[in-house]
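# Observations on the three-dimensional arrangement
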Amino acid sequence: MRLSRAFLPTLKETPAEAQIASHRLMLRAGMVRQTSAGIYAWLPLGWRVLRKVEQIVREEQDAAGAQEVLMPTIQAADLWRQSGRYDAYGPEMLRLKDRHERDMLFGPTNEEMVTDIFRTYAKSYRDLPRNLYHIQWKFRDEIRPRFGVMRGREFLMKDAYSFDLDHAGATRSYRQMFTAYLRTFARMGLKAIPMQADTGPIGGNLSHEFIILAETGESQVYLHKDLLEFDVLSQPVDYDGDLSPVVDFWTSRYAATDEKHDEAAWDAIPEADRVSARGIEVGHIFYFGTKYSAPMGLQVSGPDGKMVNPEMGSYGIGVSRLVGAIIEANHDETGIRWPEAVAPFKLAVLNLKVGDAGTDALAARLYAAFDPDAVYDDRDERAGVKFADADLMGYPWQAIIGPRGAAAGKVELKRRATGERVELSVEDAIARVKGGG
Ligand code: 5CA
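Treat the numbers as computed from the prediction; the structure is a model and nothing was measured.

## Details of the overall build of the protein chain
Helix and strand counts for the protein chain stand at 13 helices and 23 strands. Against the globule reference of 22 Å for 437 residues, the protein chain gives a C-alpha radius of gyration of 24 Å, in line with a compact fold. Split into buried and exposed, the 437 residues of the protein chain put 54% on the buried side. Of all intrachain contacts in the protein chain linking residues separated by at least 6 positions in sequence, the fraction that spans at least 24 positions is 70%. Just so you have it, the protein chain exposes about 19,200 Å², and 49% of that area is on carbon and sulfur atoms.

What follows is the structure, given as structure tokens:
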């Protein structure tokens, strides 16, 4: 994308309403624009990141055997009356009426709807196990929307729902999602720690929150330091096989949120191994058995011919929240430092003298080698403005092209994460950025 024609509106001033770094940087870099309290429009830069995050989530769900669907945002209240949650959910639910005065709602989550869809088709134990997910906008009328997209009212969530014949099957589905979550967050460059958690309005008896450590996190968390060192991406994963080598490690070390914190267990850990920190919840998984299948009449015939209610679980990831969380974990005083996997563009080509035959030619070659994963700063702006914008927007690589270097066929390659700079020929710069090292 050529910046001379792009809609990438940056803000010079730090917006007063933004209390944390990610919110400030998302507004300053022109990633999002708040249109009502807790409701955001995603502008080109933000939208590209959101889609990259979403795609990693999708790939890992698919790899774990879940199937993607798309359920609507608007739901009929009657479905929620069947589960008993319509009245219980309270003022966080946005309730609507259609022109026929029928009660509708903007979905805060989809347990009822997916149970309704599944009960229409599933007849026997041979229709199990299944796992359906979608990536869809949710609305929760949060009492205090804050921190930008981190706690919004409208937000993008991936929610998956598993259906199994019995407890053993449901445990297996839970462990598959547990593993997929570890991989998903690791691919985004995040260390997310699963912690036993309360189940809240979703209900059920087993639940883990996936939490990344950040000073501005809303939860207080306690964990064993070994958990920060486990490299899940180097572990082979066979979703149809034994997941213990990945899953069991996490239950062998202490990790808890404030609500579940156990002082006695904590005191038993050597002090040098304890980490207490603030955290951001980026995912939450639940096992709740027949909490929805029983009242909603989802049943299948078992191998012995008797009817059974499938055992269910649900598995959420805060896709839009993740964009903020990734920035919380990857920024400095000048701006964002995107991990490559989710960067809006891999490379920014900064032409310091637009109109100079030498710089124009080198810039065009570099840009062509990476387009559409590169931005080309071909604006008629001072070098300082180009440097500041590239640092703010956080592209992993910057290729800086000035007239003196261009005359010698050289560009200066800067790595945003480390600040390291090297002078290279165009070919070597292209190879370096492609190689990622
Ligand atoms: N039905 C279950 C699992 S699919 C569910 O709704 N779980 S949840 O309530 O924990 O939400 C799942 C994830 O959505 C959370 O872990 C969090 O990352 C994200 N999330 C929840 N509320 C918000 C919000 N107000 N703004 C942004 N993200 C949110």
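## Observations concerning the domain arrangement of the protein chain
Taken domain by domain, the protein chain consists of domain 1 (3-335) and domain 2 (345-435). The C-alpha-based centres of domain 1 and domain 2 are spaced at 38 Å. Contacts between the two partners involve 13 residues from domain 1, matched on the other side by 14 residues from domain 2. Interface area, domain 1 with domain 2, both sides summed: about 1,200 Å², of which 59% is carbon and sulfur. In this assembly, domain 1 and domain 2 are joined by two salt bridges. A salt bridge links Asp373 to Lys52; its shortest N-O distance comes to 3.5 Å. Between domain 1 and domain 2 we count eight residue pairs in polar contact (both at pLDDT 80 or more) in total. Mapped by element, the contributors of at least two residues to the side of domain 1 that touches domain 2 are α1 (21-28) and α2 (44-63). For the side of domain 1 that touches domain 2, the element with the highest residue contribution is α2, accounting for three residues.

## Considering the packing of α2 against helix α9 (residues 319-329)
α9 packs onto α2 with a crossing angle of 115 degrees between their chain directions and a minimal axis gap of 9 Å. What the angle tells us is that α2 and α9 run roughly perpendicular. Between α2 and α9 lies a crossing whose hand is right-handed. Between α2 and α9, the contacting residues are Val49, Leu50, Val53, Glu54 and Val57 on the first element and Val319, Ser320, Leu322, Val323 and Ile326 on the second.

## Things to note about α2
Taking 1.5 Å per residue, 20 residues should reach 28 Å; α2 reaches 29 Å between its end C-alpha atoms and fits that length. Along α2, the positions that sit buried rather than exposed are Leu45, Gly46, Val49, Leu50, Val53, Glu54, Ile56, Val57, Arg58, Glu60 and Gln61. Directly beyond the C-terminal end of α2, a positive phi value near 95 degrees is found at Gly65.

## Considerations on the side chain of Asp332
Structurally, Asp332 can be placed in strand β17 (residues 331-332). At 2.9 Å, the side chain of Asp332 forms a polar contact with the side chain of Thr334.

## Structural notes on the environment of Leu223
Its place among the elements puts Leu223 in strand β11 (residues 219-224). The exposure class assigned to Leu223 is buried, which follows from its relative accessible area of 0%. With 30 residues separating them along the chain, Leu223 and Ile193 place their C-alpha atoms 8.6 Å apart. With near-sequence residues (within four places) excluded, Leu223 lies in contact with Ile193, Met195, Leu213, Leu228, Tyr254, Ala255, Trp266, Asp273, Arg274 and Val275.

## A few points about the sheet that holds strand β6 (residues 103-106)
If you walk across this open sheet you meet the three strands as β4-β6-β5, and the pairing is antiparallel. Because the sheet does not close on itself, it has two edges, and the strands there are β4 (74-76) and β5 (94-97). Taking each pair of neighbouring strands and ignoring which way they run, the sheet shows an average axis angle of 35 degrees. In the sheet, β4 pairs with β6 via three bridges, with the strands oriented antiparallel.

## Points about the packing of aromatic side chains
All told, the structure shown has 16 aromatic pairs when counted by the stated rule. Taken together, a centroid distance of 5.0 Å and an interplanar angle of 75 degrees make the contact between Phe288 and Tyr292 edge-to-face. Take Phe288 and Tyr292: they sit in the same class, and that class is buried. Directly above the ring of Phe345 sits Arg48, whose terminal nitrogen or CZ lies 3.9 Å from the centroid. Seen from the ring of Phe370, Lys434 lies directly overhead, with NZ or CZ sitting 5.1 Å from the centre.

## Digging into the site of the ligand
Taken together, 22 residues form the shell around the ligand, and within it Thr109, Glu111, Arg140, Gly152 and Glu281 come nearest. The side chain of Glu111 places a nitrogen or oxygen atom 2.7 Å from a nitrogen atom of the ligand. Protein chains shield 95% of the accessible area of the ligand, which is 600 Å² for the free molecule. Taken together, the elements giving at least two residues each to the shell around the ligand come down to β8 (154-164), β13 (274-289) and β16 (311-318). Sort the elements by how many residues they give to the shell around the ligand and β13 lands first, with five residues. Along the lines of polarity and charge, the residues of the shell around the ligand split into eight nonpolar, seven polar and seven charged.

Thresholds, definitions, all that
Residues numbered from 1 in each chain as written. Predicted model: local features only at pLDDT ≥ 70, side-chain atom pairs only at ≥ 80, totals over all residues. Heavy atoms only, no water. Helix = DSSP H or I, 4+ residues; strand = E, 2+ residues; numbered from the N terminus. Rg over C-alpha atoms; globule rule 2.2 N^0.38 Å. Buried < 20%, exposed > 50% of the residue type's maximum accessible area, 1.4 Å probe, protein only. Contact = heavy atoms within 4.5 Å. Areas by Shrake-Rupley, 256 points an atom, 1.4 Å probe, with all protein chains shown as cover. Domains from an automatic or database assignment. Buried area = accessible area lost by both parts, 1.4 Å probe. Salt bridge = Lys/Arg side-chain N within 4 Å of Asp/Glu carboxyl O. Polar contact = N/O pair within 3.5 Å; in protein donor to acceptor, adjacent residues only side chain to side chain. Axes fitted to C-alpha atoms, helices over the stretch in contact; angles between N-to-C directions. Parallel < 35°, antiparallel > 145°, perpendicular 65-115°, else oblique. Left-handed = near helix turned anticlockwise from the far one by under 90°. Expected span 1.5 Å × (residues − 1). Pairing = 2+ DSSP bridges. Phe/Tyr/Trp six-rings, centres within 6.5 Å; stacked < 30°, edge-to-face > 60°. Lys NZ or Arg CZ within 6 Å of the ring centre and 35° of its normal. Near = heavy atom within 4 Å. Nonpolar A, V, L, I, M, F, W, Y, C, P; charged D, E, K, R; others polar.

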